[in-house]
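Residue strings, one per chain:
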Amino acid sequence: MAKVIIIGAGGVGRVVAHKCAQVPEVFSDILLASRTESKCKEIAQSIPNRTIKTAQIDAENVSEMVTLFNSYKPDIVINVALPYQDLFIMDACLEAGVHYLDTANYEPKNEAKFEYSWQWAYADKFKEKNLTAILGCGFDPGQTQIYTAYAAKHYFDEMHYLDIVDCNGGDHGKAFATNFNPEINIREITQKGKFWKNGDWVETEPHEIMVPLKYPNIGVRNSYVMYHEELESLVKNFPTLKQARFWMTFGDEYLTHLRVIQNIGMASIEPILYKGVEIVPLQFLKETLPKPETLGENYTGKTSIGCRIKGIKDGKEKTFYIWNNCSHQAAYNETGAQGVSYTTGVPAMLGALMLLTDKWKKPGVFNVEEFDPDPFMEKIGSYGLPWQIEENIDLELPY
Ligand code: NDP
């Protein structure tokens, strides 16, 4: 029996609230807090048979959060606001003595750069307070690292090549929309690509490397190498990896829109003056694009995210593929959110459950692959994200 505060009432917050509500034996009290309380209330009302409390909070105001945490006395805070708020929420957790979990690593607002250094630097502070911080417990980051840890534990003596493959085979019927916060998404996708090779990072131009890959229950999709945050912790925690890459699928139409957005300056995060008011073009664009939480209703198709791994077992080379397919429609029918929010929110709930049931509790700041993957893998299927494995198949990747 534990009390949880969920911060952020977007698509992911909706799923986390629904999934926590489905497990009353662990999450006995739930408070959903966000910048706009009306969104929290709307989500709370969409959840049958549970009372979800709500609150207005500015997650960049540490003292405001400490006051809320001290009055509600949560056991854990699940941060599904934006990456900009991570450090503020971690500070508030330290001050109020609360465990912490998020799904995306910290990014400063004025620089499109994400790395773990800022949050790893909190390790001693969490240790001293005997608190646990779990970083990046969505799908990717999150489930993909747990898949990797599971493969390392049960299927390989040494892993050498890791390819995380992320395909959204869904169709939301819009000309252009992003599946999660547009500002964060466009910052991520327009960055240069980067992958790990033989002990160093290799940088590429954005979308420079493309191969068509076949995804289970979806088909062949053009897949592009891009940088993704979990690579940073995976190559540190699995030092036998000679190469680690992240691939994401994009349609031609999506990339054309993205190119135009960049060419006309709308992806810029440099403030400009418009009629005497300072605006950030990308933040303005976000307001004109479809809200990710509105995409669910007509979303068809599935996501397929997984890990393709090559390495050694019992002296022989082996290949391994582990993945989940998630249906946008099924996610929407259950929670009112599309598949990308669903695949993020379910691992976040289960990561919190792991901590609250002492399976993943140790003082400090950790990425998810640093915990035992078995108790998580035992449960994730029954909470909505079952996985499949194929061994010794052609992984279709250039090495
Ligand atoms: P949304 O933009 O839909 O929701 C973000 C929510 O955070 C909104 O409700 C917003 O409030 C709230 N918020 C923003 N700033 C503040 C603040 N200062 N104080 C309080 N609340 C604030 O995003 P998503 O739900 O799509 O994504 C949530 C998180 O999940 C993001 O960090 C994203 O990067 C991460 N993510 C992780 C994935 C993974 O697999 N690991 C995949 C997809 C997303 P308001 O409603 O007022 O705008």
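Since this is a predicted model, take the numbers as computed values, not measurements. (Residues numbered from 1 in each chain as written. Predicted model: local features only at pLDDT ≥ 70, side-chain atom pairs only at ≥ 80, totals over all residues.)

Student: Sorry, what's going on with the site of the ligand here?
Tutor: Taken together, 34 residues sit near the ligand, with Gly10, Ala59, Gly138, Phe180 and Asn181 positioned nearest. Listed by contribution, the elements that provide at least two residues to the shell around the ligand are α1 (11–21) and α13 (339–356). When its residues are assigned to classes, the shell around the ligand shows 15 nonpolar, 13 polar and 6 charged. (Near = placed C-beta within 6 Å. Helix = DSSP H or I, 4+ residues; strand = E, 2+ residues; numbered from the N terminus. Nonpolar A, V, L, I, M, F, W, Y, C, P; charged D, E, K, R; others polar.)

Student: Can you walk me through the pairing of strand β2 (residues 27–34) in this structure?
Tutor: Note on strand geometry: in a regular strand, side chains alternate between the two faces of the sheet. For β2, the buried fraction is high: 6 of the 8 residues fall into the buried class. Direction of pairing for strand β1 (residues 2–7) relative to β2: parallel, over a ladder of 6 bridges. Bridge pairing links isoleucine 5 to leucine 31 in β2. Taking the sense of rotation as the criterion, the β-α-β connection linking β1, α1 and β2 turns out right-handed. Relative to strand β3 (residues 53–56), β2 is paired through 4 bridges, and the arrangement is parallel. Pairing of leucine 32 across the sheet is with threonine 54, part of β3. Following the chain from β2 across helix α2 (residues 37–45) to the adjacent parallel β3, one finds a crossover that is right-handed. (Buried ≥ 20, exposed ≤ 12 C-beta atoms within 10 Å, placed from the backbone. Pairing = 2+ DSSP bridges. Right-handed = clockwise from strand over helix to strand, strands pointing away.)

Student: I'm lost on unusual backbone geometry in this one. Help?
Tutor: Trans is the prevailing form of peptide bonds, just as negative phi is the prevailing case for residues other than glycine. Cis peptide bonds are those with omega within 30 degrees of zero, and the linkage from aspartate 140 to proline 141 qualifies with 10°. Phi is positive for histidine 207, which is not a glycine, with a value near 60°. Relative to the assigned elements, histidine 207 resides in the loop between β9 (200–204) and β10 (210–215). Phi is positive for aspartate 358, which is not a glycine, with a value near 70°. With respect to the secondary-structure elements, aspartate 358 resides in the loop between α13 and β17 (364–367). Among the residues examined, aspartate 358 registers 9 C-beta atoms within 10 Å and is labelled exposed.

Student: Sorry, what's going on with the sheet that holds β3 here?
Tutor: Paired through their backbone hydrogen bonds, the strands of a sheet run either parallel or antiparallel. The strand order β3-β2-β1-β4-β5-β6-β17 describes an open sheet built from 7 strands, whose pairing is parallel. Looking at which strands have only one partner, the edges of the open sheet turn out to be β3 and β17. Sheet twist, expressed as the average angle between the axes of neighbouring strands with direction ignored, equals 20°. Packed on one face of the sheet, α1 meets β1, β2 and β4 (76–79) and runs near 165° to β2. (Axes fitted to C-alpha atoms, helices over the stretch in contact; angles between N-to-C directions. Contact = placed C-beta atoms within 7 Å.)

Student: Any chance you could explain the pairing of β4 here in plain terms?
Tutor: The alternating pattern of β4 places Ile76 and Ile78 and Val77 and Asn79 on opposite faces, both of which are buried. Sheet topology note: the β1/β4 ladder contains 4 bridges and is parallel. Across the sheet, the residue bridging to isoleucine 6 is isoleucine 78, located in β4. Looking at chain direction, β4 and strand β5 (residues 99–102) are connected through 4 bridges and run parallel. Across the sheet, isoleucine 78 pairs through a bridge with leucine 101, a residue of β5. You can see the chain leave β4, run along helix α4 (residues 86–96) and come back into β5, and the turn it takes is right-handed.

Student: What's the story with the domain arrangement of the protein chain in this structure? I'm lost.
Tutor: It is common to give the size of an interface as the accessible area that goes away when the parts come together. Domain assignment breaks the protein chain into domain 1 (2–135) and domain 2 (143–335 + 385–391). For domain 1 and domain 2, the distance between their C-alpha centroids amounts to 24 Å. Facing 13 residues of domain 1, the contacting portion of domain 2 comprises 12 residues. (Domains from an automatic or database assignment.)

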